[in-house]
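# Residue-level structural notes
Chain residues, written in single-letter form:
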Amino acid sequence: MWDQVVLGAPRWGTVAAALVVVAVVALGWSYLRGLRPATASAGRTMALMAAALLKLVGILALAACLVEPLFSGVRPRPGANVFGLLVDNSRSMQISNPGQRQSRADQLHVELARQTAWRTRLEQDFDVRGYTFDARLQRRDTLDDLPFDGTASNLGPALNTVASRFGQRPVAGVLLFSDGNDTSQEASARDWSQLGFPVYPVIDDQTSELRDVRLAAVNVAQSNFETAPVTVAGEVVCDGLAGQELVVRLLDEQQGQVAEQTLEAAADGQPSEFRFRFRPPRPGVSFFHLHVCLESERGRYGRGQTNVEATLANNHRVLVVDRGGAPYRVLYVGGRPNWEFKFLRRALAEDVEVQLSGLLRIARQEPKFSFRDQRVTSSNPLFEGFDGKDEDEKERYDQPVLLRLGIEGGDELRDGFPRTAAELFAYDAVILDDLEAAFFSAEQLLLLRQFVAARGGGLLLLGGQESFREGGYQGTALGELSPVYLDRATSAPSDVSWQWDLTREGWLQTWTRLRANEPSERQRLDAMPPFLVFNPPGEMKPGASILASVSAAGDENVRPALVSQRFGKGKSAALLVGDLWRWGMHREDLTQSDLPQAWRQLVRWLVSDVPKRIEVQARRDPDPSRPMRLEVLVRDDEFRPLSNASVALRGTDPEGNSFELATEPSSRQVGVYEARYWPRQDGGYRIEAVATAADGSEIGRRETGWTSQPSAEEFQQLQANRRLLDELARQTGGEVISSNQLESFVRGLPNRKVPVTEPWVYPLWHQPWLFGLAICCLCGEWGLRRWKGLP
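Keep in mind it's a predicted model, so treat the numbers as computed, not measured. (Residues numbered from 1 in each chain as written. Predicted model: local features only at pLDDT ≥ 70, side-chain atom pairs only at ≥ 80, totals over all residues. Heavy atoms only, no water.)

Looking at soluble globular proteins, one finds that nonpolar side chains tend to be buried together. Counting residues in each nonpolar core, the largest one holds 83 residues, and the members touching the most others are Trp500 and Trp599. No other element matches the eight residues that helix H14 (residues 594-607) contributes to this core. Residue contacts for Trp599: discarding those within four places in its chain leaves Glu340, Phe343, Leu344, Ala347, Leu460, Leu462, Leu575 and Leu580. Counting residues in each nonpolar core, the second largest holds 25 residues, with Phe83, Val87, Ala172 and Phe745 among its members. (Core = buried A, V, L, I, M, F, W, Y, C linked by side-chain atoms within 4.5 Å. Buried < 20%, exposed > 50% of the residue type's maximum accessible area, 1.4 Å probe, protein only. Helix = DSSP H or I, 4+ residues; strand = E, 2+ residues; numbered from the N terminus. Contact = heavy atoms within 4.5 Å.)

Structure below.
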């Protein structure tokens, strides 16, 4: 890198200048004599001028040697600057079209050989360090035998790790051999300028366009819509196959077909959308397989072969569907026997994931008849002679008579509505039907509030003649839990029929609708019978949502009929119609089951997202080079974090192999137990957490699942991401280099800015060519004079 020309002996400058002046004057006087008009001719003049010029150049060359001219500059100090070679070792580098001779990996095997001229030259000037990256960064002494078998291309983390390893060392730059497809989670929002060194991506300009069909974005959504609670929506993107017919298939774990859809491939890079709606055959965790291929290659795809696509690794996705921690327990408390409970119980009997326990008041107080009995006591003789109770424990005349239905054990609800948190919190939801607030004690009302706000349970208040304002809810915990104000209730016409309809927000909720499309749903709403029992509410509370409304003929007001709200960690809803059972009684088609479906969807919404005593989560670490983090949250029977439990994890991998993991208490949160796991294979992983209390009793079990498909992410984009490589080079001060320009780039590196340099002086005057020039010029002048006969 030349900076300037300096003089090694500047003190001889005056002498050299004087000698040049004297020589020029003498030379001019001598040759001017030869140009006398008497003897001058054009040829002679030209010869004299050429001879004078040759002698002048020779004199100047000799004079320059007196001042010793030097070229002064700087160059990289050999071995002082680090230069990195970063190579993508992932499987995507092996991609090539069927019939194409070489992949990018084959080309890199040749380019990265140590005997190449560019590597030899690079190692002469720099401290060359080789690295490979896929899921993580690795140091490599040799780069010509890479397997290219990595399952990820975490380019961003690899560059950051290289920067941290280099630390404060002087780095001249990094040559990057990659297609630029970064599979790390933060690939789209990186500031490359903070790396601290220039990056020079190397690309292959001769790579052909790859033909490919791939599953792009795939989303799994779950709802409380009974007939099709799971929706799989996604996009298929094609390259070089526009207009081709595609087939998308959804299979279950046993490879049985669930659904199939045919698409037409859009233009290159443009998505073709598909959607499946289905109901999983069983509760809990299930895995499904999504496949896409060309219709013309359906048979070959089933054998794992293709004659068209560059790869089939991105044609398949594994989906996990978790239907929650069933069974869900629901407590129904009714103020009197009615038709509502009958239809509700029948509806939930068809849902194997919901268990309904009923507490039905059949009489407010037992009538007291003594007749001729000589003894009159306060205890009820109907209950005497059983269980050997003490006098204070016997049911009295002033207590309501309750009937228990659907209970699990003999002690469940034995004393009526639960009086302790452990007893009430065992349920996921509570339904109160036609029941006044005075039925509960102050402690029970407070417990009910804690059930929703702290435990996260669901509460449904049903309308009736003793509900809401008629039940004295205002000023109690029930009034606080209600999503409508009760002390500001509006009047409503009596002896009218109320027609049910959905509001705008209700149309957006899947659990309030019973049909798959809007026309069918509107037809169903028009066919619903009118209702006669309605509890007019007051104003809506802030944050409450009106999902359904009722209106009466001749009444201009549309009144809320179904209102919901979030309350603490849980939710509450108010169904202000008190005779929903009429829907089931007045139906034209006896095979129609809209009311049972509506009850099941409503209860499903009520218990959805309700916390369990054991919660299991599989979390991906933001750093892709770290394992999965499995977290188990364990609570006691009052739903407080339990810190002295033991948790064992038992799981199965995609091939059905079992494994066990030990957990340790988390240092960040009480009641959380953690484990680490490396998923080694593509597919679905199922794991069960078993929590044990300190006394050895089992607290409970919970299952969850997740999918690991690094191959699908790795092959999500096959074409080189030139935009990312250009941006990376621009932000770091590097440039994109073609693979056939590597040698010329390396030759020019010493002329680029590097951290550590050394001065380099080139003695121009001491070079043989300078003396040779002077001698050649003087000899040429002498020979020209003799040849032309000049003086």
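Moving on, we come to the pattern of salt bridges. Note that side chains of opposite charge can pair when their charged atoms are close. One pass over the structure, following the stated rule, counts 43 salt bridges. Between Arg214 and Asp212 there is a salt bridge, with its nearest N and O atoms 3.4 Å apart. Taking the relative accessible area as the measure of exposure, Asp212 reaches 0% and is therefore buried. Of the charged contacts, one joins Arg640 and Glu638 as a salt bridge, the two residues approaching to 3.3 Å between their closest N and O atoms. Look at Arg640 and you get partly exposed, because its relative accessible area is 46%. (Salt bridge = Lys/Arg side-chain N within 4 Å of Asp/Glu carboxyl O.)

A separate point is the packing of helix H7 (residues 339-349) against H14. It is at 8 Å that the axes of H7 and H14 come closest, and there the two elements cross at 75°. Judged by the angle between their axes, H7 and H14 are roughly perpendicular. Only Leu595, Pro596, Trp599, Arg600 and Val603 of H14 make contact with H7, whose side of the interface consists of Glu340, Phe343, Leu344, Ala347 and Leu348. Of the residues assigned to the contact of H7 with H14, the class counts are eight nonpolar, no polar and two charged. (Axes fitted to C-alpha atoms, helices over the stretch in contact; angles between N-to-C directions. Parallel < 35°, antiparallel > 145°, perpendicular 65-115°, else oblique. Nonpolar A, V, L, I, M, F, W, Y, C, P; charged D, E, K, R; others polar.)

Looking along a regular strand, one sees side chains alternate from face to face of the sheet. Burial runs high along strand E23 (residues 570-575): six of the six residues are buried. Alternating positions in E23 separate into two faces, Gly570, Ser572 and Ala574 on one and Lys571, Ala573 and Leu575 on the other, with burial throughout. Here five bridges tie strand E19 (residues 458-462) to E23, and the two strands are oriented parallel to one another. If you follow Gly458 over to E23, its bridge partner there is Lys571. Relative to E23, strand E22 (residues 559-567) is paired through six bridges, and the arrangement is antiparallel. The residue of E23 that forms the bridge with Phe567 is Gly570. Taking the residues between adjacent antiparallel strands as the criterion, E22 and E23 are bridged by two residues, where Gly568 takes a positive phi near 60°. (Pairing = 2+ DSSP bridges.)

What follows deals with helix H16 (residues 722-732). By the burial criterion, the buried members of H16 are Leu724, Leu725, Leu728, Ala729 and Thr732. Buried positions in H16, seen along its axis, are confined to an arc of 130° and lie on one side of it. Facing away from the buried side of H16 by over 90 degrees, the exposed positions are Arg723 and Arg730. Buried-residue contacts for H16 involve helix H5 (155-166), strand E6 (171-177) and strand E7 (199-203). Of the residues flanking the end of H16, it is Gly733, one or two places downstream, whose phi is positive at about 85°. (Arc of directions from axis to C-beta.)

Further remarks concern unusual backbone geometry. The phi angle at Phe148 is positive, at roughly 50°, despite the residue not being glycine. Here Phe148 is to be found in the loop between strand E5 (137-140) and H5. On the basis of relative accessibility, which here comes to 2%, the residue Phe148 falls in the buried class.

Moving on, we get to the confidence of the model for the protein chain. On average, the protein chain scores 86 in pLDDT, and the residues at 70 or more come to 90%. Note on residues 385-389: pLDDT under 50 across the span, and four contacts to partners over four residues away in sequence or across chains. (pLDDT = per-residue confidence, 0-100.)

On to the sheet that holds strand E26 (residues 646-652), then. The sheet built from four strands is open, its strands ordered E27-E26-E30-E31 with antiparallel pairing. Of all strands in the sheet, those with a lone pairing partner are strand E27 (658-662) and strand E31 (698-708), marking the two edges. Sheet twist, expressed as the mean angle between neighbouring strand axes with direction ignored, is 20°. Inspection of the sheet shows strand E30 (residues 683-692) paired to E31 by ten bridges, in the antiparallel sense.

This part covers the packing of aromatic side chains. Taken as a whole and assessed by the stated rule, the structure comprises 22 aromatic pairs. Their ring planes at 75° and their centres at 6.3 Å tell us that Trp500 and Phe531 sit as a pair that is edge-to-face. Here Phe531 lies in the loop between helix H12 (518-527) and strand E21 (545-552) and Trp500 lies in strand E20 (residues 498-502), a separation of 31 residues in the sequence. Overall, the relative accessible area of 10% leaves Trp500 in the buried class. Judged by its relative accessible area of 0%, Phe531 is buried. Taking 4.5 Å as the distance between ring centres and 15° as the angle between the ring planes, the aromatic pair formed by Trp511 and Trp605 counts as stacked. Of this pair, Trp511 sits in the loop between helix H11 (504-508) and H12 while Trp605 sits in helix H14, and the two are 94 residues apart along the sequence. (Phe/Tyr/Trp six-rings, centres within 6.5 Å; stacked < 30°, edge-to-face > 60°.)

Following the sequence through the fold, Phe288 ends up in strand E13 (residues 285-294). Sequence-wise, Phe288 and Val610 are 322 residues apart; in three dimensions their C-alpha atoms are separated by 25 Å.

Here we have three strands laid out as an open sheet, ordered E8-E9-E12, and antiparallel in their pairing. Of all the strands in the sheet, just strand E8 (212-222) and strand E12 (271-278) have a single pairing partner and so form its edges. Averaged over neighbouring strand pairs, the angle between their axes works out to 20° when direction is ignored. In terms of strand pairing, strand E9 (residues 230-239) meets E12 through eight bridges, oriented antiparallel. The residue of E12 that forms the bridge with Thr231 is Arg277.

A few words on the environment of Thr503. Among the secondary structure elements, Thr503 is positioned in the loop between E20 and H11. Relative accessible area serves as the criterion here: at 17%, Thr503 is assigned to the buried category. Each C-alpha atom, one on Thr503 and one on Gly554, is 20 Å from the other, the two residues being 51 residues apart in sequence. Setting aside chain neighbours within four positions, we find Thr503 in contact with Ile546, Leu547, Ala548 and Ser549. At a separation of 2.5 Å, a polar atom in the side chain of Thr503 contacts the main-chain carbonyl oxygen of Ile546. (Polar contact = N/O pair within 3.5 Å; in protein donor to acceptor, adjacent residues only side chain to side chain.)

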